[in-house]
Amino acid sequence: MAAVAGLWKGMLGVLHWGEQLIRWPFRLVFGSGGGGRPNPYFEPQTSGIQLLDEFEESRKRQAAVHTLDRAGVNTVIKYAKALPPARSTIDLGGLRKDIRATLLTMDDRELQALAQAGIGAVRKFVDGKQHGIHGVPIVKPLASATEKSPRGISAEDRVLSKVRARILKAEQSGGFKLSM
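Our subject in this report is the structure included herewith.

Rules and cut-offs
Residues numbered from 1 in each chain as written. Predicted model: local features only at pLDDT ≥ 70, side-chain atom pairs only at ≥ 80, totals over all residues. Heavy atoms only, no water. Salt bridge = Lys/Arg side-chain N within 4 Å of Asp/Glu carboxyl O. Helix = DSSP H or I, 4+ residues; strand = E, 2+ residues; numbered from the N terminus. Buried < 20%, exposed > 50% of the residue type's maximum accessible area, 1.4 Å probe, protein only. Polar contact = N/O pair within 3.5 Å; in protein donor to acceptor, adjacent residues only side chain to side chain. Contact = heavy atoms within 4.5 Å. Axes fitted to C-alpha atoms, helices over the stretch in contact; angles between N-to-C directions. Parallel < 35°, antiparallel > 145°, perpendicular 65-115°, else oblique. Nonpolar A, V, L, I, M, F, W, Y, C, P; charged D, E, K, R; others polar. Left-handed = near helix turned anticlockwise from the far one by under 90°.

## Considerations on the pattern of salt bridges
Pairing is possible between side chains that carry opposite charge, provided their charged atoms lie close to one another. Inspection of the entire model under this criterion finds 5 salt bridges. With a shortest N-O distance of 2.9 Å, Glu19 and Arg23 are connected by a salt bridge. Taken together, the residues span about one helical turn, with Glu19 and Arg23 both in helix 1 (residues 2-30) at a distance of 4 residues. Residue classification places Glu19 among the partly exposed positions, given a relative accessible area of 34%. Overall, Arg23 belongs to the partly exposed group, its relative accessible area being 45%. A salt bridge links Asp108 to Arg87, with the shortest nitrogen-to-oxygen separation between them at 2.8 Å. Taken as a pair, Asp108 in helix 6 (residues 108-116) and Arg87 in helix 4 (residues 84-87) lie far apart in primary sequence, 21 residues in all. Residue classification places Arg87 among the buried residues on the basis of a relative accessible area of 12%.

This is the structure in structure tokens:
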């Protein structure tokens, strides 16, 4: 056993010597890394704190890129995931009118299904396409309020005139009545 161990050590020594012989020309050309020439002096121009600050700014910029909400998908998901009392505080101003109208008319089960859907399905919901979310209605485009009717009156003006007429009628009759 001892003879085998001695033979093994001797063979490793010969291999090490052969490796050093093969490396010798390369060390002459490229340097040895440990002896020979001294390493050049290096003094960093930025401190560790500056690097950390720069890293933090970069991380914030990257996070801001991911929160861009051009299509309104993040707003829809945020609204759907919010608790009912908090929904009124969410700004839906960036969404189209038809999406807002659909979201505001959805019940809690539909909103929960929308919140649990994937981003692709929510994007299809926002685009008014067949999204495949069970129980969630498809966004239908609303008639434009600025479209003129054949008589030249916009839809908003028509609704306002009806409301004014009912108010005037109620004032003349002495009070409001609920009629069905």
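## What about the side chain of His131?
For His131, the position within the fold is in the loop between helix 7 (119-127) and helix 8 (155-173). Note on His131: relative accessible area 9%, which makes it buried. Here Ile133 takes part through its backbone nitrogen, which lies 3.0 Å from a polar atom of the side chain of His131. Among the polar contacts made by the side chain of His131, one reaches the main-chain carbonyl oxygen of Val136 at a distance of 3.3 Å. In this structure His131 touches Ala121, Lys124, Phe125, Val136, Pro137 and Ile138, once residues within four positions along its chain are discounted.

## Observations concerning the packing of helix 3 (residues 73-81) against helix 7
Packed helix pairs are characterised by how far apart their axes lie and by the angle those axes make with each other. Here helix 3 crosses helix 7 at 105°, and the two axes come no closer than 9 Å. With respect to helix 7, the axis of helix 3 lies roughly perpendicular. Taking contact as the criterion, the partners of Val73, Val76 and Ile77 in helix 3 are, on helix 7, Ile119, Val122, Arg123, Phe125 and Val126. Residues belonging to the contact of helix 3 with helix 7 are distributed by class as follows: 7 nonpolar, no polar and 1 charged.

## Thoughts on the packing of helix 3 against helix 6
It is the contact of helix 3 with helix 6, at a shortest axis distance of 8 Å, that shows an interaxial angle of 130°. The angle between helix 3 and helix 6 falls in the class oblique. Crossing handedness for the pair helix 3 and helix 6: left-handed. Counting all contacts with helix 3, which are made through Val76, Tyr79, Ala80 and Lys81, the residues of helix 6 involved are Leu111, Leu114 and Ala115. Along the lines of polarity and charge, the residues of the contact of helix 3 with helix 6 split into 6 nonpolar, no polar and 1 charged.

## Here we look at helix 3
All buried positions along helix 3 are accounted for by Val73, Thr75, Val76, Ile77, Tyr79 and Ala80. Contacts from the buried residues of helix 3 go to helix 4, helix 5 (97-105), helix 6 and helix 7.

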